[in-house]
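Listed below are the residues making up each chain.
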Amino acid sequence: FPSHDTTHELATERAQKEFVSLASHQLRTPITSIKWNAEIILSNNIVDKEVKLAANDIYKEGIRMEKLVNSLLNLSRIDLGTIKFNIQELYLDKYTEEISQTLKPEINEKNLSFETDIKFKNPIKNDPVYLDIILTNILYNAIKYTNTNGIIRLKADIIPDKEKVLITISDTGIGIPQSQQSQIFSRLFRADNAKNSHTDGNGLGLYVVKKLIELMNGNVWFESQENKGTTFL
Ligand code: ADP
């Protein structure tokens, strides 16, 4: 039986996790409002160039905050064990097309080419919200860590006999240094080349991805060569 102290410690830990959950939830509304108002200024043709540049900064920082808060929210859901999957039938070709639409601005900004290859037509069974979080995190990393004119490929195939789907996302980016590959799924970890690449990140994404995939009884791993590219499977 846990001693009184351990019970107390567990309660404090849970209260802390619940606080993170509550705080990140509460932060979503103001962040949406900040982004929304920055967008209004950006779409106004009368305001000065300087004001627009400032509004653009506000918008970009808003997106950054939104990403962090979403990661924290997912993290606390995982920690608190409150994730419940809502399994639906998903047509991967249409589903990935929608995801790629939301990533279009980032893809175009770096002049990347994005290729998809879905090898089957039947729907898969998964949770649309959490699968989106997983794929968006991996795709967003692929975009972020790939230099201009690179290629990002998303491929999906059925694993025979196992009733599972293998999704592969590969890029032609900076890669992950061999010596740091074992740490890549750790909470808050960022590889040295990523930190030096003028990208921002919080090292929470892949931790969340791995935990979610494990909750779905799946596996995630990767192959990578520095300066050549990375493939997540
Ligand atoms: P971050 O917010 O730093 O991107 P993640 O948890 O999503 O955090 O990823 C952890 C680390 O894994 C990154 O900081 C980076 O070092 C490495 N990484 C992830 N995806 C890629 C990729 N496609 N190419 C190169 N490095 C990657």
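Structure's up top.
Just so you know, these numbers come straight off a predicted model, no measurement behind them. (Residues numbered from 1 in each chain as written. Predicted model: local features only at pLDDT ≥ 70, side-chain atom pairs only at ≥ 80, totals over all residues. Heavy atoms only, no water.)

S.K.: Help me understand the site of the ligand, please; the structure alone is not making it clear to me.
M.R.: The full set close to the ligand counts 21 residues, and Asn141, Tyr145, Asp171, Arg190 and Leu206 are the nearest of them. Residue Gly203 places a main-chain N or O atom 3.1 Å away from an oxygen atom belonging to the ligand. A distance of 3.4 Å is found between a nitrogen atom of the ligand and a side-chain nitrogen or oxygen belonging to Thr230. For the shell around the ligand, the secondary structure elements donating two or more residues are helix 4 (128–144), helix 6 (205–215) and strand 7 (229–232). For the shell around the ligand, the element with the highest residue contribution is helix 4, accounting for 3 residues. Among the residues making up the shell around the ligand, the classes are represented as 11 nonpolar, 7 polar and 3 charged. (Near = heavy atom within 4 Å. Polar contact = N/O pair within 3.5 Å; in protein donor to acceptor, adjacent residues only side chain to side chain. Helix = DSSP H or I, 4+ residues; strand = E, 2+ residues; numbered from the N terminus. Nonpolar A, V, L, I, M, F, W, Y, C, P; charged D, E, K, R; others polar.)

S.K.: Quick question: what am I supposed to make of the sheet that holds strand 6 (residues 222–225) here?
M.R.: Sheet strands line up and pair through hydrogen bonds in the backbone, either parallel or antiparallel. With mixed pairing, 5 strands are arranged side by side in an open sheet as 2-4-5-7-6. Each end of this open sheet is capped by a strand with a single partner; those strands are strand 2 (113–118) and strand 6. Adjacent strand axes in the sheet meet at a mean angle of 10°, parallel and antiparallel pairs treated alike. With 4 bridges joining them, strand 6 and strand 7 adopt antiparallel strand pairing. Within strand 7, the residue paired with Glu223 across the bridge is Thr231. Its contacts with the sheet place helix 4 against strand 2, strand 4 (151–159), strand 5 (164–171) and strand 7, and it is angled at close to 20° to strand 5. (Pairing = 2+ DSSP bridges. Axes fitted to C-alpha atoms, helices over the stretch in contact; angles between N-to-C directions. Contact = heavy atoms within 4.5 Å.)

S.K.: Sorry, what's going on with the nonpolar core here?
M.R.: Burial of nonpolar side chains together is a common tendency in soluble globular proteins. Counting 42 residues, the largest nonpolar core has Leu92, Ile169, Ile184, Leu212 and Phe232 as its most contacted members. Breaking this core down by element, the ones donating at least two residues are helix 2 (49–80), helix 3 (92–109), helix 4, strand 4, strand 5 and helix 6. Counting residues per element, this core draws most heavily on helix 4, at 9 residues. Apart from residues lying up to four places away in sequence, Phe232 is in contact with Ile138, Ile167, Thr168, Ile169, Ile176, Phe185, Leu206, Val220, Trp221 and Phe222. (Core = buried A, V, L, I, M, F, W, Y, C linked by side-chain atoms within 4.5 Å. Buried < 20%, exposed > 50% of the residue type's maximum accessible area, 1.4 Å probe, protein only.)

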